[in-house]
Amino acid sequence: MSDGSLFERLAGTGTALKRSSSADTLGASVAAHLAKMLSTRAGSVPIQADYGLPDLNDLRLSLHDSLQRARLAIEGFVATYEPRLSGVKVLPLPREGTTLAFALEGQLEIEGQRRPIRFTASLDGSGQVKVSQG
């Protein structure tokens, strides 16, 4: 199994350490990719018009409807552009101040076996998303 994505290996920024397991390496690589994906706004990638998420701060619906649309948008986006994950479900987490947080739960294929994995993502006021495994 490779240590991180091709671009991570070429740049020398791979998350792998010799003593870390391939599951940890893969999980860290997916978390880094999810953070980049979820920080990308729809329409900002000229060669792929459907890549990115709508501005989650600009949804003009009730809080419940906004969260539902955001959840569905994230699930569809991850299903399309992060092939290492399957069966992804987005679950809202309690808000802390102005930070919107949610969990992404799904299956990650590790050494030929699908294993459950969970990521926690938080969106701050600047529009950047931080993703961590666990």
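Quick look at the structure, then. (Residues numbered from 1 in each chain as written. Predicted model: local features only at pLDDT ≥ 70, side-chain atom pairs only at ≥ 80, totals over all residues. Heavy atoms only, no water.)

## Quick word on unusual backbone geometry
Next up, step 1: In the Ramachandran plot, Glu-111 falls in the positive-phi region, its phi being about 50 degrees despite a non-glycine side chain.
Next up, step 2: With respect to the secondary-structure elements, Glu-111 resides in the loop between β2 (100-110) and β3 (113-123).
Next up, step 3: Look at Glu-111 and you get exposed, because its relative accessible area is 56%. (Helix = DSSP H or I, 4+ residues; strand = E, 2+ residues; numbered from the N terminus. Buried < 20%, exposed > 50% of the residue type's maximum accessible area, 1.4 Å probe, protein only.)

## Section: the environment of Pro-54
Next up, step 1: Residue placement: Pro-54 occurs in the loop between α2 (22-38) and α3 (63-81).
Next up, step 2: Classification of Pro-54 by relative accessible area gives partly exposed; the value is 34%.
Next up, step 3: Pro-54 sits 16 residues away from Ala-70 along the chain, and the two C-alpha atoms are 8.2 Å apart.
Next up, step 4: Setting aside residues no more than four positions away along its own chain, Pro-54 makes contact with Arg-41, Ala-42 and Ala-73. (Contact = heavy atoms within 4.5 Å.)

## A few points about the nonpolar core
Next up, step 1: Core analysis: the largest hydrophobic core is formed by 27 residues, its most contacted members being Leu-38, Leu-85, Leu-104, Phe-119 and Val-131.
Next up, step 2: Elements represented by at least two residues in this core include exactly α2, α3, β1 (85-92), β2, β3 and β4 (129-133).
Next up, step 3: Apart from the residues lying within four places of it in its own chain, the contact partners of Leu-104 are Leu-38, Ile-74, Val-78, Val-88, Lys-89, Val-90, Ile-117, Arg-118, Phe-119 and Ala-121. (Core = buried A, V, L, I, M, F, W, Y, C linked by side-chain atoms within 4.5 Å.)

## A word on the packing of aromatic side chains
Next up, step 1: Scanning all chains against the criterion turns up three aromatic pairs.
Next up, step 2: Ring geometry for Tyr-51 versus Phe-77: centroids 5.0 Å apart, planes at 75 degrees, classification edge-to-face. Remark: Phe-77 occurs in helix α3 and Tyr-51 occurs in the loop between α2 and α3; sequence separation between them is 26 residues.
Next up, step 3: You can call Tyr-51 buried: its relative accessible area is 16%.
Next up, step 4: Geometrically, the ring pair formed by Tyr-51 and Tyr-81 is edge-to-face, given 4.8 Å between the ring centres and 75 degrees between the ring planes. With Tyr-51 in the loop between α2 and α3 and Tyr-81 in helix α3, this residue pair connects regions lying 30 residues apart in the sequence.
Next up, step 5: Members of the aromatic cluster, connected to one another through ring pairs, are Tyr-51, Phe-77 and Tyr-81. (Phe/Tyr/Trp six-rings, centres within 6.5 Å; stacked < 30°, edge-to-face > 60°.)

No statement about biological role is implied by the geometric values presented.
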